[in-house]
Amino acid sequence: MLRPTAATDLVDRMVDRMIGRLRTDADKTWRRTTNGVRHLAGTDRSTLGASAKKTVWRRDNVQLWRYDSDWRPDKPALLLVHSLVSRSYVLDLRPGNSFVEALIARGYDVFLLDWGVPDAVDAGNTLETYCLEYLPRAVDAVRSTSGHESITMFGYCFGGVLSLLYAAAHPEAPLSSLAVMATPVESRHLPPLFRAPHSGRFDVEAILDENGNVPPASILAAFRALKPTADLVGTVNLIQNLWNPAFVDAHNAMTTWSRDHVPFAGAAFRQTVELTRTNALLEGGLELGDRPISLRDITVPFLNIYGLADHIVPPAAASPAGDLVGSTDRTDLALPAGHVGLIVGRAAHTRHVPAMMDWLDRHSSIDASAPEAFGPLRRKVPA
């Protein structure tokens, strides 16, 4: 039997815990309400793609950006090559959660090739347009701007396909190394929706809009079909975490990007359908500009990055890339992440991106004595 004093102390502790819990719940309810109002009003949106940059080259709708930095040690300039169907700001999503920002903090001279928004004039853009015209000129612009004779090329998703085709078509290209991430090379292991070109019933022309391009709405519908419940699950998670402004900010950033597609140039889309149908990246028989090319002609150090939980480009569709190139120095980096989780989120910031940069550092001229070389990610003062 408890003594009166002990019983009183026990009751006091129980009351204190109850009051503390009520205060916490009330605080979360208040924050959930205020954050919910801001979310519905659209006043809680972070600025996306905020890292300071300058346009150093442009042609048609294509722009080459160089990101500002106050520290650039003697490393090859790094050119990020983005996909053709989504916005490139996913590589610079928001402060503190930006692949570009992490590269800058590590001392890289970062360039990004943004393909712009194709219009009716761009409907005739072919894979040759991107790989034999735009990319060589962009590489030259990176070299002249940075002052480096050779560069590192880093392709993301379909940007990785373009990087492979460019490098194969230009064995003499001034590349010090080549990295691709979430890049499909084995079409038989793509999701069923993306394997539709294997069917003789697939009508390419029926998908094109009045400009001759694949409209963004069709691209969004295709990605949504891969995970039909994703929007519902995302909304439930948002409601449960409305009290947490950091969660709401991250949710809004990713939701905005995932719905923000651009048209796919019609001519390049037709070629991509054929590339998928014949599985040419894996099986061979590649042609670019009416001449045969081979991934075996890529001999620079090669890094193949893919996510073990990627539902868009599954591991089996991405993992063979290293075996297709002729490089003797090649590395596979299989990470426990999804398609975007490779570069966005806490695990990306603390584990995945540092692992990628470790490889890049080993294949670059690096001043390891510089305090920033292996230091934590932080914002840079623009040059």
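Here the structure is shown first, and the text comes after it.
Reading the values: the criteria
- Residues numbered from 1 in each chain as written.
- Predicted model: local features only at pLDDT ≥ 70, side-chain atom pairs only at ≥ 80, totals over all residues.
- Heavy atoms only, no water.
- Helix = DSSP H or I, 4+ residues; strand = E, 2+ residues; numbered from the N terminus.
- Expected span 1.5 Å × (residues − 1).
- Bend = angle between axes of the 7 residues up to and from the residue.
- Salt bridge = Lys/Arg side-chain N within 4 Å of Asp/Glu carboxyl O.
- Buried < 20%, exposed > 50% of the residue type's maximum accessible area, 1.4 Å probe, protein only.
- Pairing = 2+ DSSP bridges.
- Axes fitted to C-alpha atoms, helices over the stretch in contact; angles between N-to-C directions.
- Contact = heavy atoms within 4.5 Å.
- Parallel < 35°, antiparallel > 145°, perpendicular 65-115°, else oblique.
- Nonpolar A, V, L, I, M, F, W, Y, C, P; charged D, E, K, R; others polar.
- Core = buried A, V, L, I, M, F, W, Y, C linked by side-chain atoms within 4.5 Å.
- Polar contact = N/O pair within 3.5 Å; in protein donor to acceptor, adjacent residues only side chain to side chain.
- Phe/Tyr/Trp six-rings, centres within 6.5 Å; stacked < 30°, edge-to-face > 60°.

Undergrad: I tried to follow helix H3 (residues 127–146) on my own but got confused; where do I start?
TA: Side chains three or four residues apart in an α-helix point the same way, a direct result of the helix having 3.6 residues per turn. For H3, built from 20 residues, the straight-helix expectation of 28 Å at 1.5 Å per residue is met to within 8% by its first-to-last C-alpha distance of 27 Å. Along its length, H3 reaches its greatest deviation from straightness, about 35 degrees, at Tyr134, and the proline Pro136 lies no more than four positions downstream. Among the residues trailing H3, Gly147 stands out with phi positive, at a value near 85 degrees.

Undergrad: Explain the pattern of salt bridges to me, please; I cannot follow it from the model alone.
TA: Pairing is possible between side chains of opposite charge, provided their charged atoms come close. For the structure shown, the criterion picks out twelve salt bridges. For Arg72, the salt bridge is made with Asp109, and the minimal N-O distance between the two is 3.1 Å. Here the residue Arg72 occupies a position in the loop between strand E2 (62–67) and strand E3 (77–81), and Asp109 occupies one in the loop between helix H2 (99–105) and strand E4 (110–114), the gap between them amounting to 37 residues. Across the salt bridge formed by Glu274 and Arg277, the nearest N and O atoms sit 2.4 Å from each other. With Glu274 and Arg277 both in helix H8 (residues 266–278), this residue pair falls three residues apart, about one helical turn. By relative accessible area, Glu274 is classed as partly exposed at 38%. Take Arg277: its relative accessible area is 41%, and that puts it in the partly exposed class.

Undergrad: Got a minute to help me understand the sheet that holds E3 in this structure?
TA: By definition, the strands of a sheet pair up through backbone hydrogen bonds, in either a parallel or an antiparallel sense. The strand order across the open sheet built from eight strands is E1-E2-E4-E3-E5-E6-E7-E8, with neighbouring strands paired in mixed fashion. The open sheet has two edge strands with one neighbour each: strand E1 (53–59) and strand E8 (330–335). Averaged over neighbouring strand pairs, the angle between their axes works out to 20 degrees when direction is ignored. This element, helix H12 (residues 346–362), spans E3, strand E5 (151–156), strand E6 (175–181), strand E7 (302–307) and E8 of the sheet and lies at about 175 degrees to E8.

Undergrad: Is there a simple way to explain the packing of H3 against helix H4 (residues 158–169) in this structure?
TA: How two helices sit against one another is set out by the angle between their axes and by the gap between those axes. Between H3 and H4, the shortest axis-to-axis distance is 10 Å and the interhelical angle comes to 80 degrees. As summarised for this structure, H3 and H4 are arranged roughly perpendicular, according to the angle between their axes. In contact with Leu127, Tyr130, Cys131, Leu132, Leu135, Pro136 and Val139 of H3, H4 contributes Phe158, Leu162, Leu165, Tyr166 and Ala169. Within the contact of H3 with H4, the residues separate by chemical class into twelve nonpolar, no polar and no charged.

Undergrad: How should the nonpolar core be read in this particular structure?
TA: Soluble globular proteins tend to pack their nonpolar side chains together in the buried interior. Leu79 and Trp115 are the most contacted members of the largest nonpolar core, which has 58 residues in total. Those residues in contact with Trp115 that sit more than four places away from it in its chain are Asn61, Val62, Val81, His82, Ser83, Leu84, Tyr130, Tyr134, Leu135 and Leu162. Judged by nonpolar contacts, the second largest core, of 38 residues, contains Val110, Phe154, Ala182 and Trp359.

Undergrad: Any chance you could explain the pairing of E1 here in plain terms?
TA: Each regular strand shows side chains that alternate between the opposite faces of the sheet. Note that E1 and E2 share six bridges and pair antiparallel. In the sheet register, Arg58 faces E2, and the bridge partner there is Gln63.

Undergrad: Is there a simple way to think about the side chain of Ser177 in this case?
TA: Mapped onto the secondary structure, Ser177 falls in strand E6. A distance of 3.1 Å separates a polar atom in the side chain of Ser177 from a polar atom in the side chain of Thr152.

Undergrad: Help me out: how do you make sense of H12 in this one?
TA: In this model H12 runs 24 Å from its N-terminal to its C-terminal C-alpha over 17 residues, within 8% of the 24 Å that 1.5 Å per residue would give. The sharpest bend along H12 comes to roughly 35 degrees, located at His352, with the proline Pro354 sitting one to four residues further on. Listed in full, the buried residues belonging to H12 are Ala348, His352, Val353, Met356, Met357, Trp359, Leu360 and Asp361. Each element contacted by the buried residues of H12 is listed here: E3, H2, E5, E6, E7 and E8.

Undergrad: Looking at this model, I keep getting lost on the packing of aromatic side chains. Mind explaining?
TA: Summed over all chains, the structure comprises six aromatic pairs. The interplanar angle of 65 degrees and the centroid separation of 5.9 Å between the aromatic rings of Phe158 and Phe264 together place this pair among those described as edge-to-face. With a gap of 106 residues between them, Phe158 in helix H4 and Phe264 in the loop between helix H7 (245–258) and H8 connect regions that are remote in the sequence. Accessibility expressed as a relative area gives 13% for Phe158, which makes it buried. The buried category is assigned to Phe264, whose relative accessible area is 9%. Taking the centre distance of 5.5 Å and the plane angle of 65 degrees together, the rings of Phe264 and Phe269 count as edge-to-face. By the ring-pair criterion, three or more aromatic residues cluster together here, those being Trp115, Tyr130 and Tyr134.

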